[in-house]
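# Understanding the architecture of this molecule
Single-letter residue listing:
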Amino acid sequence: MSSEMIVNAHYQGLNPVQFGYEHCAPFHSYGPAVRTHWLLHYVVCGKGKFIKKGITYEVGQGDTFVISPYEETYYEADGDNPWYYIWIGFTGEVPVALDTAVLHIPALGRIFEGAKNCHHFTGGRSAFLSGKLWEIFSCILENRDATLDYVGQTVHCISLEYANGITISQIAKRLNINRSYLSALFKKQFGVSPQEYLTAFRIQKAEELMLEHGKSPTVAAISTGYSDVYQFSRMFKRCRGLSPRKYIAAYSKKPE
């Protein structure tokens, strides 16, 4: 572990109070604990888990997990692939609402790596890191402007691309958001995970194709994003209680 001593210069705005980086040992953990300041950890490589407000997030390369002042959190490195992260702690009014637990903005890595050059400074270290904080937030703002409504955009992506085999991981990556955090937001709004929503959406569309348009289970499967017809049949039976063919026999409209 490397940690730089930061003298609190009491700047107006963003005021750095700690900085460091560490290649963590397997299962290295911290907490449950609270901090009196903001703390951002950028994960350079490896992975681990972060617990905030009772929700566990799987955090990996390119993610930044956010610790708010006086908020109880816990984090732990993975046992097989422990993370290497860079952190910066600060006080002040942040220029963007950090209500997210985990940010997926890989572009932040360049700024965090550059902040390690603070060891070249003595009297100017706080000022140097204060500048890096503003770079960090400019990058966050640039990315968040286009992705404020994560849940709405996820629903939109599903409705447009369900037939192309789109995955929740692909959607999360496109929105620059951690998948675990997206799932938490989605479940809070809809009561189900985005994966459950995607599956239900595909099965509903497949049902319509088979019952209303007379399509076979094979055509319905391929048309709703399932490349494996057997997987489609298993999922359909799990959701509807019958295999696709038995469902067609039971519920297809009979000619009058």
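Above this text is the structure in question.
Note that the structure is predicted; figures quoted are calculated from it, not measured.

### A few points about the nonpolar core
Of all hydrophobic cores here, the largest spans 30 residues; its most connected members are F50, Y57, V59, F65, Y75 and W83. Leave out the neighbours within four places in its chain, and F50 touches I55, T56, Y57, V59, F65, V66, I67, T73, Y74, Y75, A101 and V102. Judged by nonpolar contacts, the second largest core, of 26 residues, contains L14, L103, F112 and L129.

### A short note on the packing of aromatic side chains
Evaluation of the coordinates by the stated rule reveals 22 aromatic pairs. Here the aromatic rings of Y57 and Y181 are separated by 6.0 Å at their centres, their planes lie at 45°, and the arrangement is tilted. With Y57 in strand β6 (residues 55-60) and Y181 in helix α5 (residues 179-190), the pair connects residues that are 124 residues apart, well separated along the chain. Both residues of the pair, Y57 and Y181, count as buried. Considering the side-chain rings of F236 and Y247, the 5.2 Å spacing of their centres and the 80° angle between planes classify their relative orientation as edge-to-face.

### Topic: the sheet that holds β6
Taken in spatial order, the 4 strands line up as β3-β8-β5-β6 in an open sheet, and their pairing is antiparallel. The open sheet has two edge strands, β3 (29-33) and β6, and neither has a second partner. The sheet shows a mean angle of 15° between the axes of neighbouring strands, direction not considered.

### Considering the pairing of strand β8 (residues 73-77)
Both faces of the sheet carry side chains from a regular strand, because those side chains alternate between them. Among the 5 residues that make up β8, 5 are buried, leaving the element largely enclosed by the rest of the structure. Going residue by residue along β8, you find T73, Y75 and A77 tucked away on one face and Y74 and E76 tucked away on the opposite face as well. Summarising the sheet, β3 and β8 pair through 3 bridges and their orientation is antiparallel. Bridge assignment links A33 to a residue of β8, and that residue is T73. Across 5 bridges, strand β5 (residues 47-52) lies against β8 in antiparallel orientation. Bridge pairing in β8 places K52 opposite T73.

### A closer look at unusual backbone geometry
Across the junction of G31 and P32, the peptide omega takes the value 0°, indicating a cis bond. Not every positive phi belongs to a glycine, and F27 is a case in point at roughly 65°. Position of F27 among the secondary structure elements: in the loop between β2 (15-23) and β3. We classify F27 as exposed; its relative accessible area is 55%.

### Considering the side chain of S130
Turning to its location among the elements, S130 is positioned in helix α2 (residues 125-144). When its relative accessible area of 10% is taken as the criterion, S130 is described as buried. In terms of polar contacts, S130 uses its side chain to reach the backbone carbonyl oxygen of L14, at 3.1 Å.

### Quick word on the pairing of β6
Across 6 bridges, the pairing between β5 and β6 is antiparallel. Bridging across to β6, K47 finds its partner in G60. Between the end of β5 and the start of β6, which pair antiparallel, lie 2 residues, with K53 showing a positive phi angle near 55°.

### Considerations on the state of the cysteines
Evaluation of the coordinates by the stated rule reveals 0 disulfides. No disulfide involves C45; its nearest neighbouring cysteine sulfur is the one of C24, lying 10 Å away.

### Quick notes on the pattern of salt bridges
In total, this model carries 6 salt bridges according to the counting rule given. Residue E207 is joined to R240 by a salt bridge in which the shortest nitrogen-to-oxygen separation is 2.6 Å. Remark: R240 occurs in helix α8 (residues 229-240) and E207 occurs in helix α6 (residues 194-213); sequence separation between them is 33 residues. Relative accessible area serves as the criterion here: at 16%, E207 is assigned to the buried category. Under the relative-accessibility criterion, R240 is labelled partly exposed at 28%. Connected through salt bridges with shared partners, the residues R110, K132 and E135 form a single ionic network.

About the thresholds
Residues numbered from 1 in each chain as written. Predicted model: local features only at pLDDT ≥ 70, side-chain atom pairs only at ≥ 80, totals over all residues. Heavy atoms only, no water. Core = buried A, V, L, I, M, F, W, Y, C linked by side-chain atoms within 4.5 Å. Buried < 20%, exposed > 50% of the residue type's maximum accessible area, 1.4 Å probe, protein only. Contact = heavy atoms within 4.5 Å. Phe/Tyr/Trp six-rings, centres within 6.5 Å; stacked < 30°, edge-to-face > 60°. Helix = DSSP H or I, 4+ residues; strand = E, 2+ residues; numbered from the N terminus. Pairing = 2+ DSSP bridges. Axes fitted to C-alpha atoms, helices over the stretch in contact; angles between N-to-C directions. Polar contact = N/O pair within 3.5 Å; in protein donor to acceptor, adjacent residues only side chain to side chain. Disulfide = S-S within 2.5 Å. Salt bridge = Lys/Arg side-chain N within 4 Å of Asp/Glu carboxyl O.

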